[in-house]
Amino acid sequence: MVKLLIGEKGTGKTKRLIDCVNDALAVSKGHVICVEKDDLLRYQVNYKVRLLAASNYGISGYDAFYGFLSGLCAGDHDVTDILVDATLKIGGRDYAQLAAFLEKIARLGKLTETTFFFTVSTDKENLPASIFECCEEI
């Protein structure tokens with residue numbers, strides 16, 4: 001399952017994501033991972049959550065981003081939730097590429113039984129309708 005937190009910068013998406021991280025940790029019987037662009041959430045996320053900064057791994061663009069996330073799932077079969085902050089900063093602002101990426105992530109989520117959460121800093125109207133065929137807005 002893929003869930004999206006959508007809204008312009010400054011609308012509280014990161015705070016809501018941190019709440020989602022803590023909620024996922026409370027019910028998970030496996031591992032919870034939080035991915036961010038840079039190392040900013042260190043003191044806001046529970047220490048039991050694996051916190052990764054995409055910039056530390058040279059992740060840029062949706063192909064590299066997909067490979068990174070699928071590698072996390074392949075390397076640890078106990079991952080139940082992956083939560084991502086600053087999706088557009090990591091992958092880019094091309095909404096067609098974002099839609100294709102999220103479609104692949106939805107398939108990956110079904111294959112690995114992993115729930116994905118992404119923050120997307122834009123108005124919902126800017127996103128292609130196809131995104132909402134495979135993703136749920138929360």
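Being a predicted model, the structure only gives us computed values, none of them experimental.

Criteria and thresholds
Residues numbered from 1 in each chain as written. Predicted model: local features only at pLDDT ≥ 70, side-chain atom pairs only at ≥ 80, totals over all residues. Heavy atoms only, no water. Phe/Tyr/Trp six-rings, centres within 6.5 Å; stacked < 30°, edge-to-face > 60°. Helix = DSSP H or I, 4+ residues; strand = E, 2+ residues; numbered from the N terminus. Buried < 20%, exposed > 50% of the residue type's maximum accessible area, 1.4 Å probe, protein only. Polar contact = N/O pair within 3.5 Å; in protein donor to acceptor, adjacent residues only side chain to side chain. Salt bridge = Lys/Arg side-chain N within 4 Å of Asp/Glu carboxyl O. Core = buried A, V, L, I, M, F, W, Y, C linked by side-chain atoms within 4.5 Å. Contact = heavy atoms within 4.5 Å.

What to know about the packing of aromatic side chains
Next, step 1: Under the defined criterion, the tally for this structure stands at six aromatic pairs.
Next, step 2: Centre to centre, the rings of Y62 and F101 are 5.1 Å apart; their planes meet at 40 degrees, and the pair counts as tilted. Linking Y62 in helix 2 (residues 62-75) with F101 in helix 4 (residues 95-112), this pair joins segments that are 39 residues apart in sequence. Comparing Y62 with F101, the two get one shared label, buried.

Topic: the environment of D94
Next, step 1: By secondary structure assignment, the location of D94 is in the loop between helix 3 (87-91) and helix 4.
Next, step 2: In this structure D94 comes out as partly exposed when scored by relative accessible area, which is 36%.
Next, step 3: Spatially, the C-alpha atoms of D94 and G61 are 9.7 Å apart, while their sequence positions differ by 33 residues.
Next, step 4: Among the polar contacts made by the side chain of D94, one reaches the main-chain amide nitrogen of A96 at a distance of 3.0 Å.

Concerning unusual backbone geometry
Next, step 1: Phi at A86 is positive, roughly 65 degrees, even though this residue is not glycine.
Next, step 2: Of note, A86 is situated in the loop between strand 4 (79-84) and helix 3.

Brief notes about the pattern of salt bridges
Next, step 1: Inspection of every chain in the model, using the stated rule, returns two salt bridges.
Next, step 2: Residues E103 and R107 are paired through a salt bridge, measuring 3.2 Å at the closest nitrogen-oxygen approach. Of this pair, E103 and R107 both sit in helix 4, four residues apart, roughly one helical turn.
Next, step 3: On the accessibility criterion, E103 (45% relative accessible area) is partly exposed.

Observations concerning the nonpolar core
Next, step 1: Among the nonpolar cores identified, the biggest contains 33 residues, and V35, F65, L69, I82, L98 and F118 are the most heavily contacted of them.
Next, step 2: Elements with a contribution of two residues or more to this core: strand 1 (2-6), strand 2 (31-36), helix 2, strand 4, helix 3, helix 4 and strand 5 (115-120).
Next, step 3: For V35, the contacting residues outside a window of four places in its chain are L52, A54, F65, F68, L69, L72, I82, L83, V84, D85 and I90.
Next, step 4: Listed in part, the 13 residues of the second largest apolar core include L5, V32, L41 and L83.

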